[in-house]
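Fold and geometry: a report
One letter stands for each residue in the lines below.
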Amino acid sequence: MEIHELNAFVIRKCFLAAANELASKKEWINELNVFPVPDGDTGTNMTMTMMSAAKEVAALETDDMKVLCKAIASGSLRGARGNSGVILSQLFRGFTRELAAAEKNTVEIPQLAAAFVRATETAYKAVMKPKEGTILTVARAMSDKAEELQNGATDIIAFAKDIIAAGDVALEQTPELLPVLKQAGVVDSGGQGLMTVMHGAFQALSGEIGEVFLENFDAAQAGESRAAHPIDTSHLDTSEIRFGYCTEFIVNLERPLSDDEEQTFKSFLESIGDSIVCVASEDMVKVHVHTNDPGLAIQKGLSMGSLSRMKIDNMREEHNERLIRNASQLAAEEKRKQAASAEKKPYGFLSVSVGDGLDRIFKEIGVDQLISGGQTMNPSTEDILNAIAAINADTIFILPNNKNIILAAQQARDLTKGKNVVVVPTRNIPEGITAMVSFLPESSPEENLAAMQEAIRHLATAEVTYAVRDTTMDDFEIHAGDFMAIGQNGMLTVEKKVEDAVLNAIEKLTADGKELVTLYYGSDVSEQNAKLVKELAEARFEDCEVELNYGGQPVYYYFISAE
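Every value quoted in this text rests on a predicted model; they were computed, and no experiment measured them.

Regarding the overall build of the protein
What the protein contains, in helices and strands, is 20 helices and 18 strands. Taking all 563 residues of the protein together, the buried fraction comes to 51%. Of all intrachain contacts in the protein linking residues separated by at least 6 positions in sequence, the fraction that spans at least 24 positions is 73%. Surface exposure of the protein reaches about 26,300 Å², of which carbon and sulfur atoms provide 50%.

Following this line, the structure appears as structure tokens:
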């Protein structure tokens, strides 16, 4: 069967299938992150970006191409997290703009080819210094193939298959373009995320995913998005949830079930849980059950055939997360109200922070609003927009304090109206603190940005954490459990003891004569051990002044700066 044009319903189905496939692979994509630190988050960022749009898309029932394109573009834009998420949102933005510009509710191969090209152009423009061997390279390979094929191709399925094949080849070649990937023995995680999206969309386009999936995805997502007046469950205790695991899967039957067998299966599900939906056809059974032992349901399903589309959610955890999310939303609204009533000032400051000690430091040096985030959880564009709205100032400086948050901050800047927003491209916490200390209230925004960037330029920094897997990087042989000091340009040292990693990192950071070393110790380091490391540093580096501060950051034992 050939397809010669796509309407909004088909594109919607492909998008939701792609979102579902990405979500199912996010942990695997996380593990592809080059640095073997315990906070790889490319898959999570891309999934959260796409799911933000999927909630809007799933709620739509329209054949209007422009309405669909707007939902995809705006949803992914506001939900974008991390570099990979921002780039993915820009790919969607360029792609959907081209489709919407066609002024038709159907698109053919020439429009699709143009959409691939525009998507790649838009994503490249979003990155200040595009690097090859990344998601951008993979996107460009697919857009180049689309341009090449557009004049002779007539079948969209064959057209899409060839484009995806080109993307897969480009992904496999990313280690040849980025030596750090080759050293680690992985392909680019962002590129893998993009190809996961493409393969998921193709499953829907080619009919591998049918209407059963679409209906279930739609019900789950649209039900949440339609809740303009959601039921208040904050008074419930999780103990009131009788069966804790929402379990769903499809049994691909080896043979059709008889009526008696179907009823026996339903009776078994009733014996282990409630909220049961069990729909059988000749070749499959769709199962939904709330139970305290998902394994029993899965084992029973396996006795009848192979399983697919398995999903198990801990409803008690989801309940607690919803309470936290609702509390955060109320707090954000309260901050906006406070900002509206506060007296406007010329300058305001917004910083990303990652620990209670660091929160205190930023507050003490004048930061108005803090966003919790960093490597383990990148704040979204919308998180940053909400924090900007909570500051009543003419000019607001944003300190992202993580290279993976800079793009989201710039995106929030571009979406802000009525305020002058300045993004200081701080890549870590010490740079953010240094930039803040360098601010002079009597100077202009432009002069202050220049002064902050100059101060950062003279700062050397490192982050000390542990390895989660064996690998080789920057000529260091790394084993799981080793302590690594990672500098601004790569690995500084790898040691068996955390104090050795700190001391050897300081030695490299101060090699050019820097005399002031500041240590920020994390939540996994005791005050006693931190003071011991400070004493060892003072004894070893007699010409340096060593300062110690409690940061409280997770994952990273120490942040180190030298100036």
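What follows continues from the structure just given.
Details of the environment of Ala170
By secondary structure assignment, the location of Ala170 is in helix α7 (residues 156–177). You can call Ala170 buried: its relative accessible area is 7%. Separated by 32 residues in the primary sequence, Ala170 and Val138 place their C-alpha atoms 5.3 Å from one another. Apart from residues lying up to four places away in sequence, Ala170 is in contact with Thr137, Val138 and Ala141.

Some thoughts on the sheet that holds strand β8 (residues 369–372)
With parallel pairing, four strands are arranged side by side in an open sheet as β8-β7-β9-β10. Two strands bound the open sheet, and with one partner strand each, they are β8 and β10 (420–423). Across the sheet, the mean angle separating the axes of adjacent strands is 20° when strand polarity is ignored. Both strand β9 (residues 393–399) and β10 contribute to a ladder of four bridges, which runs parallel.

Comments concerning the nonpolar core
The tendency in soluble globular proteins is for nonpolar side chains to be buried side by side. With 91 residues, the main nonpolar core has Phe15, Met50, Leu205, Leu350 and Ile384 as its most contacted residues. The greatest single-element share of this core, amounting to ten residues, is contributed by helix α1 (residues 8–30). Beyond its immediate sequence surroundings of up to four residues, Met50 is in contact with Phe15, Ala18, Ala19, Leu22, Leu88, Phe92 and Val197. With 27 residues, the next largest nonpolar core counts Ala462, Val533, Ala537 and Tyr557 among its residues.

Side note on the pattern of salt bridges
Per the counting criterion, the structure on display carries 18 salt bridges. Between Glu176 and Lys182 there is a salt bridge; the shortest N-O distance is 3.1 Å. You'll find Glu176 and Lys182 in the same group, each marked exposed. We note a salt bridge from Lys345 to Asp368, for which the minimum N-O separation is 2.3 Å. Pair noted here: Lys345 is in strand β7 (residues 345–353) and Asp368 is in the loop between α14 (356–364) and β8, with a separation of 23 residues, a long-range link. Assessed through its relative accessible area of 30%, Lys345 is described here as partly exposed.

Quick look at the packing of aromatic side chains
All chains considered together, the criterion is met by eleven aromatic pairs. With a centroid separation of 5.3 Å and 85° between ring planes, the pair formed by Phe95 and Phe116 is classed as edge-to-face. Taken together, the residues span a long stretch of sequence, with Phe95 in helix α4 (residues 82–101) and Phe116 in helix α5 (residues 109–126) at a distance of 21 residues. Among the residues examined, Phe116 registers a relative accessible area of 15% and is labelled buried.

With respect to the packing of helix α2 (residues 42–58) against helix α9 (residues 189–205)
Between α2 and α9, whose axes approach to 9 Å, the crossing angle comes to 40°. Of the possible angle classes, the one that applies to α2 and α9 is oblique. Considering the relative orientation of α2 and α9, their crossing is right-handed. Counted together, Thr42, Met46 and Met50 of α2 and Ser189, Gly190, Gly193, Leu194 and Val197 of α9 form the full contact between these two elements. For the contact of α2 with α9, the class distribution of residues is four nonpolar, four polar and no charged.

Rules of the game
- Residues numbered from 1 in each chain as written.
- Predicted model: local features only at pLDDT ≥ 70, side-chain atom pairs only at ≥ 80, totals over all residues.
- Heavy atoms only, no water.
- Helix = DSSP H or I, 4+ residues; strand = E, 2+ residues; numbered from the N terminus.
- Buried < 20%, exposed > 50% of the residue type's maximum accessible area, 1.4 Å probe, protein only.
- Contact = heavy atoms within 4.5 Å.
- Areas by Shrake-Rupley, 256 points an atom, 1.4 Å probe, with all protein chains shown as cover.
- Pairing = 2+ DSSP bridges.
- Axes fitted to C-alpha atoms, helices over the stretch in contact; angles between N-to-C directions.
- Core = buried A, V, L, I, M, F, W, Y, C linked by side-chain atoms within 4.5 Å.
- Salt bridge = Lys/Arg side-chain N within 4 Å of Asp/Glu carboxyl O.
- Phe/Tyr/Trp six-rings, centres within 6.5 Å; stacked < 30°, edge-to-face > 60°.
- Parallel < 35°, antiparallel > 145°, perpendicular 65-115°, else oblique.
- Left-handed = near helix turned anticlockwise from the far one by under 90°.
- Nonpolar A, V, L, I, M, F, W, Y, C, P; charged D, E, K, R; others polar.

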